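# Per-entry structural report
The lines below spell out each chain.
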Amino acid sequence: MAKRQKRTTVVEGRGPRGWRPGEASQPARMRRRVGHAERSAVGEVRRELREFLRHRSGQEQTDAAELLVSELVTNALIHTRHGAVVTATATSARLRVEVQDFASEDLPAPYVPNADDGTHGRGLILVRSLADAWGVEAQALGKTVWFELHGGRP
């Protein structure tokens, strides 16, 4: 039986990443570690992100962020064996969500799935189509897949 990792979610008023000088407000930040065997964590991360954005973002941006974070967390849990760290940074102008895994595999790239793929292979296509910006950054150990949604609270 796999040992269940302690769940921790940290919400901070400030953070070094995700805030650009000149933006109207300092960032708020949410950080959550997700263990490899925690398949239920996808829904938990969605709920935590929704709560984090409740007074920081409009409904449309929150809905898009929930969908996109669930895609990225699911990919990290399915394609790696080391869990992930989810970080959301919100300012009045934008939201940036990062999912860092710890696998030393190739960087992901979206591809066009064929009709026989069922629902497989559409996560990064959704990210590409719904996010205002997105990307993948190689880390010393693993990678970070991120997306940004602009606009913040109306």
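Residues numbered from 1 in each chain as written. Predicted model: local features only at pLDDT ≥ 70, side-chain atom pairs only at ≥ 80, totals over all residues. Heavy atoms only, no water.

## Some remarks on the overall build of the chain
Helices and strands together make up the secondary structure of the chain, namely three helices and six strands. Listing each helix as α and each strand as β along the chain from the N terminus yields β-β-α-α-β-β-α-β-β. For the chain, with 154 residues in total, the buried portion stands at 42%. Across the chain, the fraction of contacts at a sequence separation of at least 24, relative to all contacts at a separation of at least 6, is 58%. A total accessible area of about 8600 Å² is found for the chain, and carbon and sulfur atoms account for 52% of it. (Helix = DSSP H or I, 4+ residues; strand = E, 2+ residues; numbered from the N terminus. Buried < 20%, exposed > 50% of the residue type's maximum accessible area, 1.4 Å probe, protein only. Contact = heavy atoms within 4.5 Å. Areas by Shrake-Rupley, 256 points an atom, 1.4 Å probe, with all protein chains shown as cover.)

## Considering the packing of aromatic side chains
Using the criterion set out here, one finds zero aromatic pairs in the structure. Above the face of the W146 ring, R96 is positioned so that its terminal group lies 4.2 Å from the ring centre. (Phe/Tyr/Trp six-rings, centres within 6.5 Å; stacked < 30°, edge-to-face > 60°. Lys NZ or Arg CZ within 6 Å of the ring centre and 35° of its normal.)

## Details of the pattern of salt bridges
Any two side chains of opposite charge can pair if their charged atoms end up close together. Scanning all chains against the criterion turns up ten salt bridges. Measuring nitrogen to oxygen at the nearest pair gives 3.0 Å for the salt bridge that ties R50 to E66. Taken as a pair, R50 in helix α1 (residues 41-53) and E66 in helix α2 (residues 59-79) lie far apart in primary sequence, 16 residues in all. The exposure class of E66 is buried, given its relative accessible area of 5%. The partner of R54 in a salt bridge is E51, and the shortest N-O contact between them spans 2.7 Å. Assessed through its relative accessible area of 47%, E51 is described here as partly exposed. The network of salt bridges with shared partners includes R94, R96, E98, E137 and E148. (Salt bridge = Lys/Arg side-chain N within 4 Å of Asp/Glu carboxyl O.)

## Description of the environment of Q26
Of note, Q26 is situated in the loop between β1 (9-12) and β2 (28-34). Since its relative accessible area comes to 37%, Q26 is described here as partly exposed. Along the primary structure Q26 and A90 are separated by 64 residues, whereas in three dimensions their C-alpha atoms are 8.5 Å apart.

## Here we look at the confidence of the model for the chain
Chain-level statistics for the chain give a pLDDT mean of 78 and a share of 70% at 70 or above. Of all secondary-structure elements in the chain, the lowest mean pLDDT belongs to β1, at 41, while strand β3 (residues 84-90) reaches the highest, 96. Segment residues 1-19: pLDDT under 50, and 49 contacts once partners within four positions in sequence are set aside and those in other chains are kept. (pLDDT = per-residue confidence, 0-100.)

## What about the packing of α2 against helix α3 (residues 123-130)?
Interaxial distance between α2 and α3 falls to 9 Å at its minimum, and their mutual angle equals 150°. Seen from above, α2 lies across α3 with left-handed handedness. Residues L67, L68, E71, L72 and N75 of α2 form the contact with α3, whose own contacting residues are G123, L124, L126, V127 and L130. Along the lines of polarity and charge, the residues of the contact of α2 with α3 split into seven nonpolar, two polar and one charged. (Axes fitted to C-alpha atoms, helices over the stretch in contact; angles between N-to-C directions. Left-handed = near helix turned anticlockwise from the far one by under 90°. Nonpolar A, V, L, I, M, F, W, Y, C, P; charged D, E, K, R; others polar.)

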